[in-house]
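Architecture at a glance
Given next are the chains, with one letter for each unit.
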Amino acid sequence: MREQRLLIDGEWVDASDGGMCKVHNPATGEVIAKAALATKEDIGRAIEAAGKAFPGWARLSPTERGAHLRAASEKVIARHKEIGALMTEEQGKPLLEAQGEVKKAALALRYYAEEGERVYGRIIANAERDIESRVIYQPIGPTAAITPWNYPVELLAWKICGALAAGCTMVAKPPSLTPLSPFAFMECMIDAGLPPGVLNAVNGPGSMVGRQLIENPIIKKVAFTGSTEVGRSIAIDCAPHLKKFSLELGGHCPMIVSRNCDIEAAVKGATRRSFRNMGQICIAINRLYVAREIHDTFLEKLVAETQKLKIGNGLISVPCDLGCMASEEGLAKAKEHIADALSKGATLTCGGKKPEGDEFEKGYFFEPTILTGVNHKMKVMTEETFGPVVGVMPFDDLDEAIALANDTPYGLAAYGFTDNLDEADKLMREIIAGNVAINNVDAGVMNAPYGGWKESGQGHEHGPEGLFEYLQTKHLRVRYLHSDR
Ligand code: NAD
């Protein structure tokens, strides 16, 4: 059986006490691997290795660091099929989607190799002619990354790429539910010649490993993606040390469908973004607000499109649209949200049960589910389900729809479909979220900033903003003693 080791100071090692956890295939329930569980001593060694490697890595030129990232990108591309298969086996998503995710992580390595070369300083004139101010940006120091299981490679890659390109070293804590694919991604980086200690990785429960990473004074910044609840506890744990953090947290994302829109495109977008990865995406559509004039037509088409989605064991049914959910807890939460809505008067319009057939018997499979007759007293319309469930609600005018969309503590992503320029402009300005997509449902691209507002986070990933999270600003004031300026 496959055994995953820890990565400490360039070496692949067992846990110091030999401890391991099991990794399951959520589509079959089978144990597919064991992964070393880091002890306090292992975590301490990983942090020290990141601390020791920092000065040398920070001293390299951005071009030299970029060469390491480019070489790693090639290794990842060469292994993307195999790493994608590992991801499907441990997470449950369709194979082609998993392989696509690994390719996107390779793209992030290339992008940040280049973005690292575009960190420019400034020269600022002073009142005195012989003095000038310079502004430079320097890496913040050794960092920690804590990431979730829904996009196990990509979410980790964004952090590694930003940090390493900026000149920081890192200790990563991938999720213990899905450690295999992120560790395989990091193996590519080591095999591409990354110096020892620049990237270290430890596996284990967040409450233990995460905490130790946050509390150690060598670590100067914590980059986290996960739930709002844990993000809040990380902010609290960072506070006594005044440690810098960036948080990509939960969402509860609305989509507004105007009567002036391409209904077919809106239906396709809603189907994709509500159910892709079984709704286990922070930017998944949870709430659909549809103009009353087109509500029934839209709903009919949405149900038809949803029922066309092919569900399967991601490794065997290639291609398929949906795999299974990643864990029993996730499935239980989705069912609980559906039961809560139904008990408060909602109607189950489609889905709401396990698909029929032997292949679905043992795994966490569930049909994509549409609820109507919903309101904001129901969990499905207010709390993050993180499952394949969407509520559909009619509206009469755009102001009402925007007020409903903004009626949430979250502010991650929102979507609008309209052919009317004024409506589009109003949606883009008035929806309170860090990412608003109009007439498309892909709210993030690698070279533009991605981050949450309100309780969906702090800071950014992607784009130059994602690099500057790992840099600190230094003001240099220089008097020229012998110049005739
Ligand atoms: P989670 O918050 O339970 O765990 C995320 C990571 O934090 C895991 O590695 C976990 O081990 C670790 N952790 C748990 N407790 C910790 C603690 N006390 N201190 C330090 N680390 C700790 O989230 P999850 O269930 O793995 O992922 C789903 C959540 O992630 C959803 O809420 C989703 O919206 C969010 N998410 C957000 C984004 C984004 O970009 N905003 C992207 C993907 C997922």
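Source: prediction; values computed, not measured. (Residues numbered from 1 in each chain as written. Predicted model: local features only at pLDDT ≥ 70, side-chain atom pairs only at ≥ 80, totals over all residues. Heavy atoms only, no water.)

A few words on the site of the ligand. Around the ligand, the structure places 27 residues, and the nearest of them are Thr147, Ser227, Leu249, Cys282 and Glu384. Here an oxygen atom of the ligand sits 3.3 Å away from a polar atom, N or O, in the main chain of Gly206. A distance of 3.3 Å separates an oxygen atom of the ligand from a polar atom in the backbone of Gly226. For the ligand, the accessible surface in isolation is 850 Å², of which the surrounding protein chains cover 86%. Looking at the shell around the ligand, the elements with two or more residues in it are α7 (206-215), β11 (221-225) and α8 (228-238). Grouping the constituent residues of the shell around the ligand by class yields 13 nonpolar, 11 polar and 3 charged. Both domain 1 (2-249 + 456-474) and domain 2 (253-438) contribute no fewer than three residues apiece to the shell around the ligand. (Near = heavy atom within 4 Å. Polar contact = N/O pair within 3.5 Å; in protein donor to acceptor, adjacent residues only side chain to side chain. Areas by Shrake-Rupley, 256 points an atom, 1.4 Å probe, with all protein chains shown as cover. Helix = DSSP H or I, 4+ residues; strand = E, 2+ residues; numbered from the N terminus. Nonpolar A, V, L, I, M, F, W, Y, C, P; charged D, E, K, R; others polar. Domains from an automatic or database assignment.)

Here we come to the packing of helix α5 (residues 154-166) against helix α6 (residues 180-191). Interhelical geometry of α5 versus α6 gives an angle of 30° and a closest axis separation of 11 Å. Taken as axis vectors, α5 and α6 run roughly parallel relative to one another. In the packing of α5 onto α6, the handedness of the crossing is right-handed. Of the residues in α6, those in contact with Leu156, Ala157, Ile160 and Leu164 of α5 are Pro182, Phe185, Met186 and Met189. (Axes fitted to C-alpha atoms, helices over the stretch in contact; angles between N-to-C directions. Parallel < 35°, antiparallel > 145°, perpendicular 65-115°, else oblique. Left-handed = near helix turned anticlockwise from the far one by under 90°. Contact = heavy atoms within 4.5 Å.)

Per the domain assignment, the segments of the chain are domain 1 (2-249 + 456-474) and domain 2 (253-438). The C-alpha-based centres of domain 1 and domain 2 are spaced at 31 Å. Taken together, the 20 residues of domain 1 in the interface contact 27 residues of domain 2. For the pair domain 1 and domain 2, the two sides together bury roughly 2,000 Å², of which 59% comes from carbon and sulfur. Remark: the boundary between domain 1 and domain 2 carries 1 salt bridge. One salt bridge connects Glu97 with Arg276, and the closest N-O pair in it is separated by 3.8 Å. Our count for the contact surface shared by domain 1 and domain 2 stands at 9 residue pairs in polar contact (both at pLDDT 80 or more). Among the secondary structure elements, those contributing two or more residues to the side of domain 1 that touches domain 2 are α3 (80-91) and α4 (95-115). Here the side of domain 1 that touches domain 2 gets 4 residues from one element, more than from any other, and that element is α3. Tallied by class, the residues present in the side of domain 1 that touches domain 2 amount to 10 nonpolar, 7 polar and 3 charged. (Buried area = accessible area lost by both parts, 1.4 Å probe. Salt bridge = Lys/Arg side-chain N within 4 Å of Asp/Glu carboxyl O.)

This part is about the sheet that holds strand β13 (residues 253-257). Strand pairing in a sheet takes place through backbone hydrogen bonds and is either antiparallel or parallel in direction. Taking strand neighbours across the sheet as the criterion, the 7 strands line up as β15-β16-β17-β14-β13-β19-β20 in an open arrangement whose pairing is mixed. One side of each edge strand has no neighbouring strand; the edge strands of this open sheet are β15 (347-350) and β20 (435-438). Each adjacent strand pair in this sheet contributes to an overall mean axis angle of 25°, direction not counted. Looking at chain direction, strand β14 (residues 285-291) and strand β17 (residues 389-395) are connected through 5 bridges and run parallel. Across the sheet, residue Val290 finds its bridge partner in β17, namely Pro394. Of the strands in this sheet, β13, β14 and β17 touch helix α12 (residues 398-405), which is tilted by about 170° from β13. Against the sheet, helix α13 (residues 421-430) touches β13, β19 (413-417) and β20, its axis set at about 165° to β20. (Pairing = 2+ DSSP bridges.)

Below, the discussion takes up the sheet that holds strand β1 (residues 2-4). The mixed open sheet is built from 3 strands, whose spatial order is β1-β5-β4. Taken across any chain shown, the strands that pair with only one partner, and hence form the sheet edges, are β1 and β4 (20-24). Strand-to-strand twist of the sheet, defined as the mean angle between neighbouring strand axes without regard to direction, takes the value 30°. The strands touched by α6 within the sheet are β1, β4 and β5 (31-36), with β1 carrying the most contacts at an inclination of about 70°.

Let us now look at the pairing of β19. When a strand is regular, its side chains alternate between the sheet's two faces. With respect to burial, β19 is a largely interior element, 5 of its 5 residues being buried. Sheet topology places β13 next to β19; 3 bridges connect them, and they run parallel. Across the sheet, residue Val257 finds its bridge partner in β19, namely Phe417. In this structure, β19 lies alongside β20, joined through 4 bridges in parallel fashion. What sits directly across from Ala413, in β20, is Asn435. (Buried < 20%, exposed > 50% of the residue type's maximum accessible area, 1.4 Å probe, protein only.)

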